[in-house]
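Below are the chains, spelled out letter by letter.
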Amino acid sequence: MKKLFALVLSVVLMLSLTACGSSSENETTKQEAKEGEKTFTVGFDAEYPPYGYLDAESGEYVGFDLDLAEKVCEMEGWKLVKKPINWDTKDTEINSGSIDCIWNGFTMNGRENDYEWSDPYINNTQVVVVAKNSGINTLKDLKDKAVGVQAASAAESLFADDGAQVELGKTFASINPFSDYNTAFTELQSGSIDALAIDVGVANYQLSERGKDYKILDENLNSEQYAIGFKVGNTELRDTVNADLKKLYEDGTVDEIAKKYDIDTTMICIGE
């Protein structure tokens, strides 16, 4: 009888523990489902102000593009995940699914078939920044000069074999790619490079932060447009974000955020 009783008790205890375990797992699942919400992961260059960068005071990633992404998430009930990426690995990031889109001053021109693109939202120009005392005043003056670009950027592609400024690039002493523009500006300040090819919005921001020792040449290198890039085939997410972006423009939110980051509102081209 004692053995039989012990056996029955053992079975009861096992069933009880199993039930408790199942209950705990169910509660965990319910909690995750309750707390879980659709995430929207934006890949961005963390050193690309005013579109995306680390704010020294708050310690938070901020910027024009990130603020717009936050507004889209508010409209859709999503949680925004801001993921800094190395710009030259952006294709790997999006194709692997680790990010949902590239939203960070991303030039669509010349890459039309590489991504699912939102409608363009910014008209951008590529410009050249030099030190004021450099003696460089025109693009022709860049002959035999060392010119910096961001690696894998639209500026770098301008000087490639099929780029719009390939002939100009051939006159340079060298084309020097950098991982980010903060590093490039440090090299420009030290004299390691003579000029920097850069997006005008980023140039204006950098010059406002770094004083009046630099200037932007009057001649532009190129005109282009920014858009949001999604993985090829992901048209549903693209269309959702695109529609929300238009609504944000129509209600004045886009212009409001642009002014917050000192971006010229005449550059905004949504709905054109």
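One can find the structure itself at the top, above this paragraph.
Cut-offs applied
Residues numbered from 1 in each chain as written. Predicted model: local features only at pLDDT ≥ 70, side-chain atom pairs only at ≥ 80, totals over all residues. Heavy atoms only, no water. Helix = DSSP H or I, 4+ residues; strand = E, 2+ residues; numbered from the N terminus. Buried < 20%, exposed > 50% of the residue type's maximum accessible area, 1.4 Å probe, protein only. Contact = heavy atoms within 4.5 Å. Areas by Shrake-Rupley, 256 points an atom, 1.4 Å probe, with all protein chains shown as cover. 1 Å grid on protein atoms, 1.4 Å probe; cavity = no way out; pocket = protein on both sides within 12 Å on 5 of 7 lines; lining within 4 Å. Points joined across faces, edges and corners; volume = space filled by probe spheres on them. Nonpolar A, V, L, I, M, F, W, Y, C, P; charged D, E, K, R; others polar. Pairing = 2+ DSSP bridges. Arc of directions from axis to C-beta. Polar contact = N/O pair within 3.5 Å; in protein donor to acceptor, adjacent residues only side chain to side chain. Axes fitted to C-alpha atoms, helices over the stretch in contact; angles between N-to-C directions. Parallel < 35°, antiparallel > 145°, perpendicular 65-115°, else oblique. Left-handed = near helix turned anticlockwise from the far one by under 90°.

## Looking at the overall build of the protein
Now for step 1: Secondary structure summary: the protein contains nine helices and 14 strands in total.
Now for step 2: Counting only residues that meet the buried cut, the protein has 43% of its 272 residues in that class.
Now for step 3: Considering only intrachain contacts with a sequence separation of at least 6, the fraction spanning at least 24 residues in the protein is 74%.
Now for step 4: Of the roughly 14400 Å² of accessible surface on the protein, a fraction of 48% belongs to carbon and sulfur atoms.

## Side note on the layout of surface pockets
Gaps between atoms show up when a probe of the same size as a water molecule is rolled over them.
Now for step 1: Counted as a void, the largest pocket has a volume near 230 Å³.
Now for step 2: Lining the largest pocket, in full, are Ala46, Glu47, Pro49, Tyr53, Leu54, Asp55, Ala56, Asn182, Tyr205, Gln206 and Glu209.
Now for step 3: When residues of the lining of the largest pocket are assigned to their parent elements, the largest contribution, three residues, is made by helix H7 (residues 200-210).
Now for step 4: Classifying every residue of the lining of the largest pocket by side-chain character gives six nonpolar, two polar and three charged.

## With respect to unusual backbone geometry
Glycine aside, a negative phi is what most residues show, and trans is what most peptide bonds show.
Now for step 1: Note the cis peptide between Pro49 and Pro50, where omega equals 10°.
Now for step 2: Mapped onto the fold, Pro50 is located in the loop between strand S2 (47-48) and strand S3 (52-54).
Now for step 3: Positive phi, close to 65°, is recorded for Asp144, a residue that is not glycine.
Now for step 4: Of note, Asp144 is situated in the loop between strand S8 (122-131) and strand S9 (146-150).
Now for step 5: Owing to a relative accessible area of 53%, Asp144 belongs among the exposed residues under this scheme.
Now for step 6: Phi at Asp262 takes a positive value of approximately 55°, unusual for a residue other than glycine.
Now for step 7: Locating Asp262 in the fold gives a position in the segment after helix H9 (253-260).

## Quick look at the sheet that holds strand S5 (residues 79-84)
Now for step 1: Pairing is mixed across the open sheet formed by five strands, whose spatial order is S5-S1-S6-S14-S7. On the outer flanks of this sheet lie S5 and strand S7 (116-117), each paired with one strand and no other.
Now for step 2: Direction of pairing for strand S6 (residues 101-102) relative to strand S14 (residues 229-230): antiparallel, over a ladder of two bridges. Bridge assignment links Ile102 to a residue of S14, and that residue is Gly229.

## Focus: empty space enclosed by the protein
Now for step 1: In this structure the tally under the stated criterion is one cavity of 30 Å³ or more.
Now for step 2: Of the voids in this model, the largest cavity is the one considered here, and its volume is about 90 Å³.
Now for step 3: Taken together, 15 residues make up the lining of the largest cavity; nearest its centre are Tyr48, Trp87, Gly105, Gln150 and Ser153.
Now for step 4: Among the residues making up the lining of the largest cavity, the classes are represented as six nonpolar, six polar and three charged.

## Some words on helix H6 (residues 181-190)
Now for step 1: Among the residues making up H6, those that are buried are Tyr181, Ala184, Phe185 and Leu188. The arc that holds every buried residue of H6, seen down its axis, measures 100°, which confines them to one face. Turned more than 90 degrees away from the buried face of H6, the exposed residues are Gln189 and Ser190.
Now for step 2: Capping the start of H6, Asp180 holds a side-chain oxygen 3.1 Å from the backbone nitrogen of Asn182, two or three residues further along.
Now for step 3: One or two positions beyond H6, positive phi appears at Gly191, with a value near 90°.

## Considerations on the packing of H6 against H7
Now for step 1: Where H6 meets H7, the axes come as close as 12 Å, and the angle between the chain directions of the two elements is 55°. Put simply, H6 runs oblique to H7. When the axes of H6 and H7 are compared, the crossing they make is right-handed. Of H7, the residues touching H6 (which contributes Tyr181, Asn182, Phe185 and Gln189) are Val202, Gln206, Leu207 and Arg210.
Now for step 2: Partitioning the contact of H6 with H7 into residue classes produces four nonpolar, three polar and one charged.

## Considering the environment of Lys260
Now for step 1: With respect to the helices, strands and loops of the structure, Lys260 is situated in helix H9.
Now for step 2: A relative accessible area of 55% means that Lys260 is categorised as exposed.
Now for step 3: Put simply, Lys260 and Gly63 are 197 residues apart on the chain and 9.2 Å apart in space, counted from C-alpha to C-alpha.
Now for step 4: Here Asp67 takes part through its side chain, which lies 2.9 Å from a polar atom of the side chain of Lys260.

## Focus: the packing of helix H8 (residues 235-250) against H9
Now for step 1: Here H8 crosses H9 at 75°, and the two axes come no closer than 5 Å. Between H8 and H9, the interaxial angle falls into the category roughly perpendicular. Every residue of H9 that contacts H8 at Leu245, Leu248 and Tyr249 is listed here: Thr253, Val254 and Asp255.
Now for step 2: Its residues placed into classes, the contact of H8 with H9 shows four nonpolar, one polar and one charged.

By themselves these figures say nothing about function.
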